[in-house]
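# Summary of structural features
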Amino acid sequence: MSVENPLKSGAIKLRARGVSVHFPGEGQPRQALAPVDFECREGEFLCLLGPSGCGKTTLLNVIGGFLKPTTGQVLIDGEPVTRPDPRRIFVFQERGVFPWLTVEENIGFGLTDLPAPERRRRLSHYLELVGLTGFARAWPSELSGGMKQRLEVARALAVKPDMLFLDEPFSALDAITRHTLRQELLRIQAAERQTILFVTHDIDESVQLADRVLVMSSRPGRIQRVVDIELPHPRDLSSPRYLQYRDELLDELGLAHQV
Ligand SMILES: Nc1ncnc2c1ncn2[C@@H]1O[C@H](COP(=O)(O)OP(=O)(O)OP(=O)(O)O)[C@@H](O)[C@H]1O
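Heads up: these notes are all about the structure in this document. Computed from a predicted model, the values in this text were never measured in an experiment. (Residues numbered from 1 in each chain as written. Predicted model: local features only at pLDDT ≥ 70, side-chain atom pairs only at ≥ 80, totals over all residues.)

### Considering the nonpolar core
Ranked by size, the top nonpolar core spans 63 residues in total, and within it Cys-47, Leu-49, Ile-63, Ala-154, Leu-197 and Leu-214 carry the most contacts. Per-element tally for this core: the top contributor is helix α4 (residues 145-158), with 7 residues. Not counting residues within four places of it along the chain, the set of residues in contact with Ala-154 comprises Ile-107, Tyr-126, Leu-127, Leu-129, Val-130 and Leu-132. (Core = buried A, V, L, I, M, F, W, Y, C linked by C-beta atoms within 7 Å. Buried ≥ 20, exposed ≤ 12 C-beta atoms within 10 Å, placed from the backbone. Helix = DSSP H or I, 4+ residues; strand = E, 2+ residues; numbered from the N terminus. Contact = placed C-beta atoms within 7 Å.)

### A look at the pairing of strand β7 (residues 163-167)
One face of the sheet, then the other: side chains in a regular strand alternate in exactly this way. Within β7, 5 of the 5 residues are buried, which leaves it mostly tucked inside the rest of the structure. Neither face of β7 is exposed, since Met-163, Phe-165 and Asp-167 on one face and Leu-164 and Leu-166 on the opposite face are all buried. Taken together, the 4 bridges between β7 and strand β8 (residues 196-200) define a ladder with parallel strand orientation. Within the sheet, the bridge partner assigned to Leu-166 lies in β8 and is Phe-198. Regarding the hand of the β-α-β motif, the stretch spanning β7, helix α5 (residues 175-192) and β8 is right-handed. (Pairing = 2+ DSSP bridges. Right-handed = clockwise from strand over helix to strand, strands pointing away.)

### Focus: the packing of helix α3 (residues 116-129) against α4
A packed helix pair is summarised by two numbers, namely the angle formed by the two axes and the spacing between the axes. Between α3 and α4, the shortest axis-to-axis distance is 9 Å and the interhelical angle comes to 140°. With respect to their mutual orientation, α3 and α4 come out oblique. Regarding α3 and α4, the two cross each other, and that crossing is right-handed. Contacts between α3 and α4 involve Arg-122, Tyr-126, Leu-127 and Leu-129 from the first element and Ala-154, Leu-157 and Ala-158 from the second. (Axes fitted to C-alpha atoms, helices over the stretch in contact; angles between N-to-C directions. Parallel < 35°, antiparallel > 145°, perpendicular 65-115°, else oblique. Left-handed = near helix turned anticlockwise from the far one by under 90°.)

### Here's the deal with the sheet that holds strand β2 (residues 30-41)
Across the sheet, 4 strands lie side by side as β2-β1-β4-β5; this open sheet has antiparallel pairing. Each edge of the sheet is formed by a strand with only one pairing partner; in this case those strands are β2 and β5 (79-80). When strand β1 (residues 12-23) meets β2, the two strands line up antiparallel, connected through 8 bridges. In the sheet register, Phe-23 faces β2, and the bridge partner there is Arg-30. With respect to the sheet, helix α1 (residues 56-63) is in contact with β1, β2 and β4 (71-76), its orientation differing from that of β1 by roughly 120°.

### With respect to the site of the ligand
Around the ligand, the neighbouring residues are Phe-23, Ala-32, Gly-50, Ser-52, Gly-53, Cys-54, Gly-55, Lys-56, Thr-57, Thr-58 and His-201. A per-element tally of the shell around the ligand places α1 first, with 3 residues. Grouping the constituent residues of the shell around the ligand by class yields 3 nonpolar, 7 polar and 1 charged. (Near = placed C-beta within 6 Å. Nonpolar A, V, L, I, M, F, W, Y, C, P; charged D, E, K, R; others polar.)

### Here's the deal with the packing of α4 against α5
Two elements in contact, α4 and α5, have axes separated by 10 Å at closest approach and are oriented at 20°. Judged on the interaxial angle alone, α5 and α4 are roughly parallel. Judged by the sense of rotation from one axis to the other, the crossing of α4 with α5 is right-handed. In this structure, α4 contributes Gly-145, Gly-146, Gln-149, Arg-150, Val-153 and Leu-157 to the contact, and α5 contributes Thr-177, Thr-180, Leu-181, Glu-184, Leu-185, Ile-188 and Glu-192. Here the residues of the contact of α4 with α5 sort into 5 nonpolar, 5 polar and 3 charged.

Given below as structure tokens:
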């Protein structure tokens, strides 16, 4: 079945052109990222998929303005990225929430400039969106790992970022929680129409979530292939088309037919 992807004609939000990164090494600099070129459209869910050490985080750091590339540039809304921008929010696996603030204080952290009624409205909207209503006054230490991760997503969304970057946000969680949070992220994205760049080394995660998967290979990291996942949501994880995409990506990463 072929599903026309409306994102294919949307405006380009992010454009990476010839982005490469060398880190200083013993002797000569080590190339972590070969020149990469890609685009991400408004409202798209793009996954960067690749093995450990292929440069996914390095690329994300360049896109976020935390790291200057050795060559090339990243443009967001046509503007070169030169430094971190509070309109673009990162969610990392280990970054965690602020343990000294309650759930609602965590979500409200970036909202202090808003008038009180709007702040209250956002707090209750995002508490509800991530299923934490009833835990507003709880401390992070009273939450499970999955709830903390939902809190982190709520905190990121509450400031209404124009892009969301997620670096393996669910990888420390158990398989069931991970699966649930992926569903929730998709539900939230459908409601909020966020543009999302999601880093993962999990093939299933990428097929379950992405509109497009950029498959990366290592040493130096490069974009090996771009795969459009033309499946409607919610995705049936046992459908022949789903399994076909999964096999295709396994094959692409050289993991097919291994025992
Ligand atoms: N600050 C740094 N200095 C030197 N080398 C670095 C630095 N950061 C990353 N590297 C190297 O760059 C390469 C890519 O690392 P990166 O963390 O981007 O990979 P990754 O794909 O995100 O890996 P993982 O999935 O394990 O998080 C690795 O070989 C790593 O050792």
